[in-house]
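Structural overview for review
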Amino acid sequence: MLSYLVRRLAYGAVTVLGVLLFLFLLFFLVTTPEDIARRALGDKAQPAALAQWIASHGYDKPLFWNAAAPTDTLLVDHFRRMLTFDFGRSDADDVPITRRLREGAGPSLALTVPMFLLEIPLAVALALLVALLRETYVDRLGVVLCVLAMSVSILLYIIGGQFLIGKLLRWFPISGFDPNPAVILRFLALPVLVGIVSGLGEGIRFYRTVFIEETGRDHVRTARAKGAGDARVMTVHVLRNALIPILTQVVLVIPFLFTGSMLLESFFGIPGLGALTVDAIHGNDFATLRTMVYIGSLLFILGQVLTDLSYVLVDPRVRLE
C-alpha cells in the first residue's frame, strides 16, 4: 500500500504542477501586469501609481527569463509562492490572502458540513425506499420527481427559497451571516435547506441506480431465498455491498467542504471561501484566484487518495498495489 500511495502522490504532484503552469499561462498570456494594476487602481490612475503598484506586488519582473538573475522571474516567483504556501496579498485590497482564508474557512464549513451530513443519509434512505419499491407507482413517481429536481437550476431553488421562506413566511432571514452561536442557526437554516433540496434529486437518482444494480446480484437472491426480509436485504446485503460506488462520490466531496459553495454563499451573504472566489473573479484579483484554484487542486488530489483508502476499509478484497 505504501508504494501505491507514493505513486499516487507523485501523480498528484505532477498534476498540481501542471495546474500551476496552466494558471500562469492563462493569466499572464492574456493580460499584463499593467492591466491588473489598472483594474485595482482604476482607469484614471497615474502611470507613476501604476508602476509603484506593479513593483509592490512583484509583477515588475520578466515573465520567463532574466539574464541577470535567472531565478528572478514571474514564473519562478509564481511557483515558489504557491509551493511554499506564501500566497501574498490580494490584488484588490492588499489584505493578506492567508488571513482571508482563515476568516472564510469557518463560515464555509458552517454551511457545507450540515449540508453534507444531512443530505447524504436522507438521499440514501429515500433511494433505498425507491429501490425497494422498484417498478411500482412510488418508484416511477420518485424517478420523475428526481429528473424534475435535477432539471431545475440551483438559482431557481435559491430565489424561490428566499422569496417563499424568507420573504412570505418570514421563517428565516433572506440573507446575512452572524457567527454568534445564539443566532447563527437562523442565518444558516435557509441556505442549508436550499442546498439539501437542490441536491436531493441527483443523489437519489444515483443511489437508486446503484442499489437496483446490487439487488440483481446472486448474494441478494440467495439472501431472499433464505428468507431474509426486505428491510434486512436492503440495509445489510444491498447497502453494505454498494458502499464502494457510494464512497467514490461521497469521500471525494469531503475535502471540498473547506472551499464552500460559491453560489449559496454569494446569494445568502455568507462570508466564506466560496464568496471569496466569486469576489476574486469579479474583481480580477489574480493573486486570490490562483490561490483558490491551487487549493482546489490540492483538495482534489487529497480526495482521490482518501477515496482509494476508503475502498480498503469497506472491502477487504480490495488491494492497493
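Structure: see above.
Summarised in this report is the structure supplied together with it. Owing to the predicted nature of the structure, the values given are computational and were not obtained by experimental measurement.

The rules behind these values
Residues numbered from 1 in each chain as written. Predicted model: local features only at pLDDT ≥ 70, side-chain atom pairs only at ≥ 80, totals over all residues. Heavy atoms only, no water. Axes fitted to C-alpha atoms, helices over the stretch in contact; angles between N-to-C directions. Helix = DSSP H or I, 4+ residues; strand = E, 2+ residues; numbered from the N terminus. Parallel < 35°, antiparallel > 145°, perpendicular 65-115°, else oblique. Left-handed = near helix turned anticlockwise from the far one by under 90°. Contact = heavy atoms within 4.5 Å. Expected span 1.5 Å × (residues − 1). Buried < 20%, exposed > 50% of the residue type's maximum accessible area, 1.4 Å probe, protein only. Core = buried A, V, L, I, M, F, W, Y, C linked by side-chain atoms within 4.5 Å.

1. Quick look at the packing of helix α5 (residues 97-132) against helix α10 (residues 230-241)
- Packing of α5 against α10 brings their axes to within 11 Å, and their N-to-C directions diverge by 120°. Judged on the interaxial angle alone, α10 and α5 are oblique. For the pair α5 and α10, the crossing hand works out as right-handed. Within the contact between the two elements, α5 uses V124, L128, A131 and L132 and α10 uses D230, M234 and L239.

2. Description of the packing of helix α6 (residues 137-151) against helix α8 (residues 184-215)
- Interhelical geometry of α6 versus α8 gives an angle of 135° and a closest axis separation of 8 Å. Put simply, α6 runs oblique to α8. Seen along the crossing, α6 lies across α8 with a hand that is left-handed. Residues D139, V143, C146, V147, A149 and M150 of α6 pack against G201, E202, I204, R205 and R208 of α8.

3. What to know about helix α1 (residues 2-28)
- With 27 residues, α1 should reach 39 Å at 1.5 Å per residue; the first-to-last C-alpha distance of 39 Å fits that figure.
- Those residues of α1 not exposed but buried are Y4, G12, V16, L20, L23, F24, F27 and F28.
- Packing partners of the buried residues in α1 comprise α2 (33-41), α4 (74-83) and α14 (286-314).

4. Re the nonpolar core
- One finds L111, V194, Y207, F211, L264 and F268 to be the most contacted residues of the largest nonpolar core, which totals 37 residues.
- At the level of elements, α5, α6, α7 (154-168), α8, α9 (218-225), α10, α11 (243-253) and α12 (262-268) are the ones that each hand at least two residues to this core.
- Looking at this core, the element that brings in the most residues is α8, giving 12 residues.
- The contact partners of Y207, leaving out residues within four places of it in the chain, are I120, A123, V124, A127, I246, Q249 and V250.
- I36, A45, A280 and I295 belong to the second-largest nonpolar core, a separate cluster that totals 31 residues.

Functional significance is not addressed by these values, which are geometric in nature.
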